[in-house]
Amino acid sequence: MPNYILALDQGTTSSRAILFDRAGRITAAAQQEFPQLYPQPGWVEHDPEAIWQTQLEVARAVLAKQNLTAADIAAIGITNQRETTVVWERATGRPIFNAIVWQDRRTAGLCDRLKAEGFDKTIREKTGLVTDAYFSGTKVAWLLDNVPGARERAERGELAFGTIDSFLMWRLTGGRLHITDVSNASRTMLYDIHKNWWSTTMLKRLNIPQAILPQVVPSSMIYGETDPALFGGAIPLAGMAGDQQAATFGQACYMPGLAKNTYGTGCFMLMNTGGEAVESKNNLLTTIGWKLGESATQYALEGSVFIAGAVVQWLRDELKLITSAAESEPLARSAADAGGVYVVPAFVGLGAPYWDSYARGTIVGLTRGSGRAHIVRAALESIAYQTRDVLEAMRADSGLTLQTLRVDGGATGNDFLLQFQADILGVPVQRPAVTETTALGTAYLAGLATGFWSSLDEIARQWAIEKTFEPQMPADRRDSLYAGWKRAVERAKAWAE
C-alpha cells in the first residue's frame, strides 16, 4: 500500500513539494524560489519554464530524501497561485509569452472601460468577481491582442490557455490533460459560477475563443496519471485547487461560517457559505470553494489583500531595514508602538474592499523621532489592518459573526503579528499544528479521491491547534488605531495616473 500523498504547491515566489502521511503530518518538504520579473512599473511576470523546472525538481527531491519511488505515492495533489495566466502551444507545450502574474496591473485600463460601459454588473452577476486586472480574463485578452499571431493561432485551436494548475497538469501528463478545477475556473472572470460552465457572454465580450479553454473538473477526483518518465513510474493525479481554496479545505472549514486567513505574499480570507453563492454588497468576491467528485459545489466569500508577507520582503530587499524576515518580529517588539506611523503597502494597488488599481504604497505619520523599528512595526501592523478591512465587509455581507479566525501561511510564525491581529479584530486567532495548510488541503483532496482518507470527518479530526492568541487590547485603543489606518488608506488611494 502506498503510504504518502505528494502535494505540489506552486506559489508566487517559490515552488514547493510536501509529502504527507496518513495522519496528515509532513514527512518531507523541498522548496525553490524562482525569479520575479518586472518589465515595467505595474507589470509582473514569471517564466513558465522556471515554474515547471523548479516544481519538478522539488517533487523529485522529496522522493529522493525519503528514498521513495512512484509506487510509494498514493496520489498527487496540485495547488497553485491563482489567476496567473499562461498560453502555450498545443503541439510543443511551449509558452508563447511569460506568465502574467495575478499581481500584474497592465489591464487596469481595459477594466476601466468595462466599468464605464456598465459591463461590471454582468461580470459580478455571472462570475461573482469584481472588475479588476487581478483576474485571468483580461490577461488572456491582452496576450491574444499583443503577441504577434496569437489570436489567429488561438482561433485555429493551436493554443491552450490555463492558470498554473492547468499548465502543470499538461506538463505532468505529457500533454494528455488540459483541465482546470472549479475553484481555479472561478477566478478567471470567464466562468459562470452559478451554471458551472464557461460563460459565452464573457468570452464574447473579451473576444476569447472557446477553443483555448481547459475542461473544468471537480477539485477531487482521479484525473489521470503522470508521465512515467518523470518519476520512474506513473502516479495518480487526483486533487486540484487554487491555493486559497486549498488552504480553506486544509483548515477543515467545512461548515458555513468557518473562516481562515492565509498570510502569504498576499493575504486571503475565505469564509465558507455552503451550497449558496452569497452575493457581496461590500466589494468581496463570491467564489467557488471546491467540488468533491459528484457532490454539490461549495461556495465561499473571499477578501483578497494583494500585499501581506511581500511587505516584509520589501523591508528586507528594497529598504534593507532587516536582513531576514525573522528579524522583523524582535525589531517590531523593540518599539512600544508604531509611534503614529502607518505603512499602506499598496505597491500594486489595493484589493478588497477598496479595489483601487491606482493606489500606491504610502508611509504616513513620520516625525523626527520615527525610526527603523517604527516602520518595521507599522509594516507588520498593515497586514492585520488589511485583514480587519476584509472581516468588516464579510460580517456585513454574510450576517455571520466570526467566533475565531483560523490562520496559516508563512507569516503566521510571527507571534507579534498574530497577537496584534487578535487585538485589532477583537476575536481569538488560532494557529494550527500544521501551518502548511495550502499543501495539506490539496493532499486531502487527492487522498479523498483515492480512498487514502475515507471522509471529511476523518480529516476534520486531524485538525489541531498549536496556539491561540486571545485579544488583549482595550476596545477604545483598537478603534482609535483602526481609525488612523482608515485615514492612511485615504492618502494612498488614486495616486497613480
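(A) Up close: the packing of helix 1 (residues 48-65) against helix 6 (residues 164-172). Their axes nearest at 11 Å, the elements helix 1 and helix 6 cross at an angle of 60°. Considering the angle they form, helix 1 stands oblique to helix 6. For helix 1 against helix 6, the interelement crossing comes out right-handed. Together, Pro48, Glu49, Ile51, Trp52 and Gln55 of helix 1 and Ile164, Phe167, Leu168, Arg171 and Leu172 of helix 6 make up the contact between the two elements. Residues of the contact of helix 1 with helix 6, tallied by class, amount to seven nonpolar, one polar and two charged.

(B) Layout of the pairing of strand 17 (residues 285-290). Most of strand 17 is tucked away: six of the six residues are buried. Note: strand 17 against strand 18 (residues 298-305), five bridges, orientation antiparallel. Within strand 18, the residue paired with Thr287 across the bridge is Ala300.

(C) Spatial organisation of the nonpolar core. Counting 112 residues, the largest nonpolar core has Leu190, Ile212 and Tyr263 as its most contacted members. Per element, the largest residue contribution to this core is 13 residues, and it comes from helix 13 (residues 372-398). Beyond its immediate sequence surroundings of up to four residues, Leu190 is in contact with Thr127, Gly137, Phe161, Trp198, Ser199, Met202, Leu203, Leu206, Ile208 and Leu213. Within the second largest apolar cluster, 40 residues are counted, among which are Phe34, Ile51, Val86 and Ala160.

(D) Representation of helix 4 (residues 136-146). Counting buried positions over the 11 residues of helix 4 gives nine, a clear majority of the element. Among the residues of helix 4, Ser136, Gly137, Thr138, Lys139, Val140, Ala141, Trp142, Leu143 and Leu144 are the ones counted as buried. Residues of helix 4 that are buried sit in contact with strand 6 (85-89), strand 7 (99-100), helix 2 (108-116), helix 5 (150-155), strand 8 (159-163) and helix 8 (200-206).

(E) Seen up close, the sheet that holds strand 13 (residues 220-225). With mixed pairing, the six strands of this open sheet are ordered in space as 3-2-1-5-14-13. Of all the strands in the sheet, just strand 3 (26-33) and strand 13 have a single pairing partner and so form its edges. Taken over all neighbouring pairs, the strand axes of this sheet differ in orientation by 25° on average, direction set aside. Here strand 13 pairs with strand 14 (residues 236-242) via three bridges, running antiparallel.

Rules and cut-offs
- Residues numbered from 1 in each chain as written.
- Predicted model: local features only at pLDDT ≥ 70, side-chain atom pairs only at ≥ 80, totals over all residues.
- Heavy atoms only, no water.
- Axes fitted to C-alpha atoms, helices over the stretch in contact; angles between N-to-C directions.
- Helix = DSSP H or I, 4+ residues; strand = E, 2+ residues; numbered from the N terminus.
- Parallel < 35°, antiparallel > 145°, perpendicular 65-115°, else oblique.
- Left-handed = near helix turned anticlockwise from the far one by under 90°.
- Contact = heavy atoms within 4.5 Å.
- Nonpolar A, V, L, I, M, F, W, Y, C, P; charged D, E, K, R; others polar.
- Buried < 20%, exposed > 50% of the residue type's maximum accessible area, 1.4 Å probe, protein only.
- Pairing = 2+ DSSP bridges.
- Core = buried A, V, L, I, M, F, W, Y, C linked by side-chain atoms within 4.5 Å.

Structural measurements only, silent on function.
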